Protein chains: 2
Amino acid sequence: MPDTAPRGMAMINAFDPAAAPALSPRERAMVERRQRLLGPAYRLFYEHPVHLVRGDGAWLFDADGKRFLDCYNNVASLGHAHPRVVEAIARQAARINTHTRYLHDTVLDYAEALLATLPPALGHVMFTCTGSEANDLALRIARAHTGGEGIVVTSLAYHGVTASLAELSPSLGEGVPLGRHVATVSPPDAYRGGPDMPARFAADITRAFAGLARHGIRPCALLVDTMFTSDGVFPDPAGFLAEAAAAARAAGALFIADEVQPGFGRTGRMWGFERHGAEPDIVTMGKPMGNGHPLAGLAIRPELLERFGSRARYFNTFGGNPVSAAAGLAVLDVLRDEALPANAARVGAHLLAGLGALAARHAILGDIRGAGLSIGAELVRDRATKEPATAETARTVNALREGGVLISASGPAANILKIRPPLCLSTEQADLFLDTLDQALAAG
Amino acid sequence: MPDTAPRGMAMINAFDPAAAPALSPRERAMVERRQRLLGPAYRLFYEHPVHLVRGDGAWLFDADGKRFLDCYNNVASLGHAHPRVVEAIARQAARINTHTRYLHDTVLDYAEALLATLPPALGHVMFTCTGSEANDLALRIARAHTGGEGIVVTSLAYHGVTASLAELSPSLGEGVPLGRHVATVSPPDAYRGGPDMPARFAADITRAFAGLARHGIRPCALLVDTMFTSDGVFPDPAGFLAEAAAAARAAGALFIADEVQPGFGRTGRMWGFERHGAEPDIVTMGKPMGNGHPLAGLAIRPELLERFGSRARYFNTFGGNPVSAAAGLAVLDVLRDEALPANAARVGAHLLAGLGALAARHAILGDIRGAGLSIGAELVRDRATKEPATAETARTVNALREGGVLISASGPAANILKIRPPLCLSTEQADLFLDTLDQALAAG
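Predicted, not measured: the structure shown is a model, and the values here were computed from it. (Residues numbered from 1 in each chain as written. Chains lettered and ligands numbered in written order. Predicted model: local features only at pLDDT ≥ 70, side-chain atom pairs only at ≥ 80, totals over all residues. Heavy atoms only, no water.)

Colleague: Could you clarify how one ought to interpret the nonpolar core in this entry?
Modeller: The nonpolar side chains of soluble globular proteins are, as a tendency, buried together. Counting 293 residues, the largest nonpolar core has F127(A), F433(A), F127(B) and F433(B) as the members making the most contacts within it. The element best represented in this core is helix 10 (residues 322–337) of chain B, accounting for ten residues. One finds V75(A), F318(A), V75(B) and C129(B) within the second-largest nonpolar core, a separate group that totals six residues. (Core = buried A, V, L, I, M, F, W, Y, C linked by side-chain atoms within 4.5 Å. Buried < 20%, exposed > 50% of the residue type's maximum accessible area, 1.4 Å probe, protein only. Helix = DSSP H or I, 4+ residues; strand = E, 2+ residues; numbered from the N terminus.)

Structure below.
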């Protein structure tokens, strides 16, 4: 395989339960209650976990009334508790909430509106409740169509938590083994990989499918987050994804664009693959799709669904129910009426410029990159060696939290600030983020 | 393997698109629009699909204002559009909807209330959005704990639609292959299997795990719906499930009770396994858990989670979010305040007695069985030979639909009426069902 698997790693920005004694009595009691009730597999964010009770736009409020600027959560993308989505959910829930084995107009209206945002070749949509279910279904369909099993993902990819997705999500760490049918490739990292990266990324994919074939594993799909979010946010140069998709297709595999994180306007365009001029065979989507309501799904070229549809029926009890469809429609309406993709592009450009200005004063900011409001800022100890500033990144994330700004980090060395505010972020809020970051970096 | 796999089968009670020309222009347009937008894997119920627009208690209303008595849907178990659940969802959605990596009280209050309904040995609960995700997670945990992969299910089981569950859900048909690590056993059918069935069911499980072991596949879990709903509804004699669980444990496997369909009061008790005195290692749950809101999860003995929790973290973006938790709490409150499990027991007994009286006049009713409001009525052409009355069952289900009552069918010969009304069904509504069934059977 052309790539080295990432080292076993704890979760980035996780609260360490050993630090519980330093918390307030109320927080400590909540942490202990969580461990007692939810068990050992759940994690909290931050050295000092956040106890949130209310949200409004990009603002979040904790139990003491302290205000936080949300620069991280990519689910409530329209802003927290957006009234139009809340109203759509409440109205439809009060009327009826059934499933797709009865006729209902709303799921069809929603399917039509959603497909209208996608390339015309993607003619069918199927609904699930979570991004995991969407990726899991996409793989079932891709296997049925190709007759192959071989999957190529990036070396720190995250695609979901079902059994079949955990085994192709290396970011879950060494405790969760990868499948034998899974090959990883280095992410398209233009900062560390250099200017020939895009061509090399495509070549790596070709080599990965060839390696699988050498083991008798036939090609199924290239599955990538189109912003490579958990790998460390790699958007540029726009266009490289089209080459990668072509490499996958040349190997006989499908190209599945995982838009669970980049989709619905985050990159300044509706879908992350649009920047690259890449045409996916299947697009999976989730997180912001219902602005918090559990709604996800996939869009697909109809001819790829024929074999699966002739052998298997598909039913998801809650997937595409009238309430979910109403929530999804409201999200599309708000994205359009409030021009949120354009706002993401505008405020994202402002943030990138502001981060660039900070980099002129803080040498630790080794690289700034992003598209729209999906931004990575890589912290290094030395701009020449690019040595990852891992501990400093953790300190910065936690200092921002104490300063009232919520973000997290990503990447194999956990040294990349992951900045993903709601799409409604204003220029003033962006400036507040930049000022708080400036102070955090100055404090070291 | 001790069982013969079921024949390849189309979905029971599915609409045949070839019959679209017989529909009204509006219905035909909706069916065509569905096929165009959602593709070939989706199915509708009934020869004449139902176009529902409103629900209230056990009543459903179609676009023409026609009223249907819902005797089938096991999701809106409290009754359709229950105002207390709608209000809980609307109120919390308007306030905040985040996730389990921040502290929040509601998910903990809900976890505590839910665990209080379960045996004390089940100390941890984990939240997902769908029953599929709950079963998928249960299997990941069971594999981590046992180190084995071997799964035993019943021969027409349904446990979900993720890749790892489809391969152990034989009810999906021959187009969806079973995994090599999956063995099936005949369901505990006291009608066709005779009085020694319970002991034989346990013996079959022992033999199935032995057969897996002979192929080098170590034991992982016995996974059963505690009412065997898709196999044909097999509740009696109460107690046999404890023997089956003991057989699984003796083989070194865990016993996972799939309560996605029987749970939350349907059988007249909170959980289906209670009738049997069986103590599961893991309980999975879903469908009625949020009365339509996408909410599911599992409860587990804490010691079984240690290995998984030490190697893998678990995060489900929407699972256990504050809105889901508020919906789940409201469901538990309504179950208690409206004494719905007791109502299910009372009205279920009334239905069983009424079906028994119908059987005295309709020889086609070969067997009546159930617990609470989970009822199966098996139609046979001859009570001596027990020849399945498959075509007659389909006619009856469709005649009931035309008569304003919604049910469906199950079992390998599709000859078992599956009757699962909301738990709020009144005696008068039960009598309306019985009268409508009487007429349908009389009409042949």
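Having put the structure on the table, let's press on.
Colleague: Sorry if this is basic, but what is going on with the sheet that holds strand 3 (residues 67–70) of chain A here?
Modeller: Within a sheet, adjacent strands bond to each other through the backbone by hydrogen bonds, running parallel or antiparallel. Residue and element names in this part refer to chain A. The strand order across the open sheet formed by four strands is 1-2-3-14, and the pairing between neighbours is mixed. Because the sheet does not close on itself, it has two edges, and the strands there are strand 1 (52–56) and strand 14 (405–406). Here strand 2 (residues 59–62) pairs with strand 3 via three bridges, running antiparallel. Within strand 3, the position partnered with L60 by the bridge is F68. Seen against the sheet, helix 13 (residues 427–443) touches strand 2, strand 3 and strand 14 and runs at an angle of roughly 105° to strand 3. (Pairing = 2+ DSSP bridges. Contact = heavy atoms within 4.5 Å. Axes fitted to C-alpha atoms, helices over the stretch in contact; angles between N-to-C directions.)

Colleague: Can you walk me through the relation of the copies chain B and chain A in this structure?
Modeller: Two copies of a chain can be linked by a rotation about an axis combined with a shift along that same axis. With an RMSD of 0.0 Å, chain B superimposes on chain A once it is rotated by 180° and translated 0.0 Å along the axis. What the rotation and shift describe, once combined, is the action of a two-fold rotation axis. Proximity to the rotation axis, assessed at the C-alpha, singles out A90(B) in chain B; its C-alpha lies 2.6 Å from the axis. (Least-squares fit on C-alpha atoms with pLDDT ≥ 70 in both.)

Colleague: Got a minute to help me understand the interface of chain B and chain A in this structure?
Modeller: A common way to state how big an interface is: give the accessible area lost once the parts meet. Facing the 91 residues of chain B at the interface are 91 residues of chain A. For the pairing of chain B and chain A, the buried interface totals around 8600 Å² over both sides, and the portion due to carbon and sulfur atoms is 60%. When residues of chain B are sorted by the area they lose upon contact with chain A, Y102(B), L103(B) and R313(B) head the list and together hold 11% of the total. Summed over the shared surface of chain B and chain A, the result is six salt bridges. The interface formed by chain B and chain A contains 46 residue pairs in polar contact (both at pLDDT 80 or more). (Buried area = accessible area lost by both parts, 1.4 Å probe. Salt bridge = Lys/Arg side-chain N within 4 Å of Asp/Glu carboxyl O. Polar contact = N/O pair within 3.5 Å; in protein donor to acceptor, adjacent residues only side chain to side chain.)

Colleague: Just checking my understanding: could you explain the packing of helix 7 (residues 197–214) of chain B against helix 8 (residues 240–250) of chain B for this structure?
Modeller: Helices that pack against each other are described as a pair by the angle of their axes relative to one another and the distance between those axes. Residue and element names in this part refer to chain B. Close contact between helix 7 and helix 8 brings their axes to 9 Å; oriented N to C, the two are set at 20°. As the angle between them shows, helix 7 and helix 8 are arranged roughly parallel. The crossing of helix 7 and helix 8 is right-handed. Contact with helix 7, carried on its side by M197, P198, A199, F201, A202, I205, T206 and F209, involves F240, E243, A244, A247 and A248 of helix 8 and no other residues of that element. A class-by-class count of the residues in the contact of helix 7 with helix 8 yields eleven nonpolar, one polar and one charged. (Parallel < 35°, antiparallel > 145°, perpendicular 65-115°, else oblique. Left-handed = near helix turned anticlockwise from the far one by under 90°. Nonpolar A, V, L, I, M, F, W, Y, C, P; charged D, E, K, R; others polar.)

Colleague: What should I look at first to understand the packing of aromatic side chains in this one?
Modeller: Two aromatic rings are characterised by how far apart their centres lie and by the angle between their planes. Enumeration according to the criterion identifies 18 aromatic pairs over all chains in this entry. A ring pair is formed by Y110(A) and F127(A), whose centres lie 5.4 Å apart and whose planes are at 20°; its orientation type is stacked. Note that Y110(A) is positioned in helix 3 (residues 105–115) and F127(A) in strand 4 (residues 124–128), a separation of 17 residues in sequence. On the numbers, 6.0 Å between centres and 90° between planes, the contact of F201(B) with F240(B) is edge-to-face. Taken together, the positions of F201(B) in helix 7 and F240(B) in helix 8 put the pair 39 residues apart, joining distant regions of the chain. Across this residue pair, the class does not change: F201(B) and F240(B) are buried. The structure contains a cluster of three or more aromatic residues connected by ring pairs, namely F45(A), Y46(A), Y72(A) and Y102(B). It is R101(A) that lies over the ring of F315(A); its NZ or CZ is 4.2 Å from the centre. (Phe/Tyr/Trp six-rings, centres within 6.5 Å; stacked < 30°, edge-to-face > 60°. Lys NZ or Arg CZ within 6 Å of the ring centre and 35° of its normal.)

Colleague: Can you walk me through helix 10 (residues 322–337) of chain A in this structure?
Modeller: Residue and element names in this part refer to chain A. Here helix 10 spans 22 Å end to end across 16 residues, near enough to the 22 Å set by a 1.5 Å rise per residue. Burial within helix 10 is extensive, with twelve of its 16 residues counted as buried. Within helix 10, burial applies to P322, V323, S324, A325, A326, A327, G328, A330, V331, L332, V334 and L335. One or two positions beyond helix 10, positive phi appears at A339, with a value near 45°. (Expected span 1.5 Å × (residues − 1).)

Colleague: Looking at this structure, how should I read the side chain of H181(A)?
Modeller: All names here are of chain A. Summarising the element assignment, H181 is placed in the loop between helix 5 (163–166) and strand 6 (182–185). For H181, a relative accessible area of 11% puts it in the buried group. Not counting residues up to four positions away in its chain, the partners in contact with H181 are R143, E149, G150, I151, E167, L212 and I217.

Colleague: How do you make sense of the packing of helix 3 (residues 105–115) of chain B against helix 10 of chain B when you look at a structure like this?
Modeller: Residues and elements named next belong to chain B. Here helix 3 crosses helix 10 at 35°, and the two axes come no closer than 8 Å. When you trace helix 3 past helix 10, the crossing you get is left-handed. On helix 10, the residues touching T106, V107, D109, Y110, A113 and L114 of helix 3 are P322, A325, A326, G328, L329 and L332. Across the contact of helix 3 with helix 10, the residue classes tally to nine nonpolar, two polar and one charged.

Colleague: Would you explain the pattern of salt bridges in this entry?
Modeller: Once the charged atoms of two side chains with opposite charge are near each other, the side chains can pair. Throughout the structure, instances matching the rule amount to 44 salt bridges over all chains. Taking the shortest distance from any N to any O, the salt bridge between D333(B) and R336(B) comes out at 3.5 Å. On the criterion of helical spacing, the pair formed by D333(B) and R336(B) is a turn pair, its members being three residues apart in helix 10. Look at R336(B) and you get exposed, because its relative accessible area is 56%. A salt bridge links R361(B) to D438(B), with the nearest nitrogen and oxygen atoms 3.1 Å apart. You can see R361(B) sitting in helix 11 (residues 340–361) and its partner D438(B) sitting in helix 13 (residues 427–443), a full 77 residues away along the chain. Taking relative accessible area as the criterion, D438(B) reaches 19% and is therefore assigned buried. Among the charged side chains, a salt-bridge network with shared partners connects R33(A), R36(A), D109(B) and E112(B).

Colleague: Before we go on, may I ask you to explain the pairing of strand 11 (residues 365–371) of chain A in this structure?
Modeller: Regular strands place side chains that alternate from one sheet face to the opposite one. Counted residue by residue, strand 11 of chain A has five buried out of seven residues, so it is predominantly covered. A loop of two residues connects strand 11 of chain A with strand 12 (residues 374–382) of chain A, the two strands running antiparallel in sequence, and G372(A) in this loop sits at a positive phi of about 60°.

Colleague: Help me out: how do you make sense of the sheet that holds strand 2 (residues 59–62) of chain B in this one?
Modeller: All names here are of chain B. The sheet built from four strands is open, its strands ordered 1-2-3-14 with mixed pairing. Looking at the sheet topology across the chains shown, the edges are occupied by strand 1 (52–56) and strand 14 (405–406). Bridging between strand 1 and strand 2 involves four bridges; their strand directions are antiparallel. Paired with L52 across the bridge in strand 2 is D62. Packed on one face of the sheet, helix 13 meets strand 2, strand 3 (67–70) and strand 14 and runs near 105° to strand 3.

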